[in-house]
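Remarks on the overall topology
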Amino acid sequence: MRKPCIKCLLQDFDEAGYIEKIKKELDWMDEELRSPEELYRKRLDVCLSCEKLHEGTCLACGCYVELRAAIRKGKCPYKKW
Ligand code: SF4
């Protein structure tokens, strides 16, 4: 399977393509690095009730919360999870 391009800008993706890219990143993530499903869901529940969430992005750090939450060692910049 082809690795994703890491030298692209957001403008290079259409919205549907970008969402697909995020999904592929999650699919390719090494299981050892990935959060267990229950932890992942709990983290996203916290993000969903956070005022810093904007269109899937954390306004505190600029990350895509679904990617940050999927990383086992990931941390919320405001220590909410
Ligand atoms: S990572 Fe933390 S600050 Fe960012 S949206 Fe989630 S809970 Fe809020």
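In this text, all values refer to a predicted model and were calculated from it rather than measured experimentally. (Residues numbered from 1 in each chain as written. Predicted model: local features only at pLDDT ≥ 70, side-chain atom pairs only at ≥ 80, totals over all residues.)

Quick notes on the overall build of the chain
As a reminder of what qualifies: Working definition: helices are DSSP H or I runs of at least four residues, strands are E runs of at least two. Numbering for both runs from the N terminus. Labels follow a simple rule on C-beta atoms placed from the backbone: if 20 or more others lie within 10 Å of a residue's own, it is buried; if 12 or fewer, it is exposed; otherwise it is partly exposed. Two residues qualify as being in contact provided that their C-beta atoms, derived from the backbone, are within 7 Å of each other.
Broken down by element type, the chain carries three helices and two strands. Listing the helices and strands of the chain from first to last along the sequence gives α-α-β-β-α. Classification of the 81 residues of the chain by burial places 5% in the buried group. Partitioning the contacts of the chain with sequence separation of at least 6, the portion at a separation of at least 24 is 49%.

Here we look at the site of the ligand
Which entries qualify depends on this criterion: Here is the check we use: build the C-beta atom from the backbone, and if it is within 6 Å of the molecule or strand, call the residue near. For this classification, the nonpolar set comprises Ala, Val, Leu, Ile, Met, Phe, Trp, Tyr, Cys and Pro, the charged set comprises Asp, Glu, Lys and Arg, and every other residue, Gly included, is treated as polar.
The environment of the ligand is made up of V46, C47, C50, K52, L53, C58, A60, V65, C76, P77, Y78 and K80. For the shell around the ligand, the class distribution of residues is ten nonpolar, no polar and two charged.

Here we look at unusual backbone geometry
Of note in the backbone geometry, E55 takes a positive phi value of approximately 50° without being a glycine. Even without being a glycine, K79 presents a positive backbone phi close to 55°. Its location among the elements puts K79 in the segment after α3 (65-70). Assessed through the 6 C-beta atoms surrounding it within 10 Å, K79 is described here as exposed.

Here's the deal with helix α1 (residues 15-28)
Condition: Here a helix's expected span is defined as the number of its residues, less one, multiplied by 1.5 Å.
An ideal rise of 1.5 Å per residue puts 20 Å on 14 residues; α1 measures up with 20 Å between its terminal C-alpha atoms. In terms of burial, α1 is largely open, as just zero of its 14 residues are buried.

Points about the confidence of the model for the chain
Basically, it comes down to this: Every residue gets a pLDDT, meaning the predictor's confidence in that residue, from 0 to 100.
In this model, the chain carries a mean pLDDT of 87, and residues with pLDDT of at least 70 account for 85%. At the level of individual helices and strands, the chain shows its lowest average pLDDT in α1, which scores 84, and its highest in helix α2 (residues 37-48), which scores 96.

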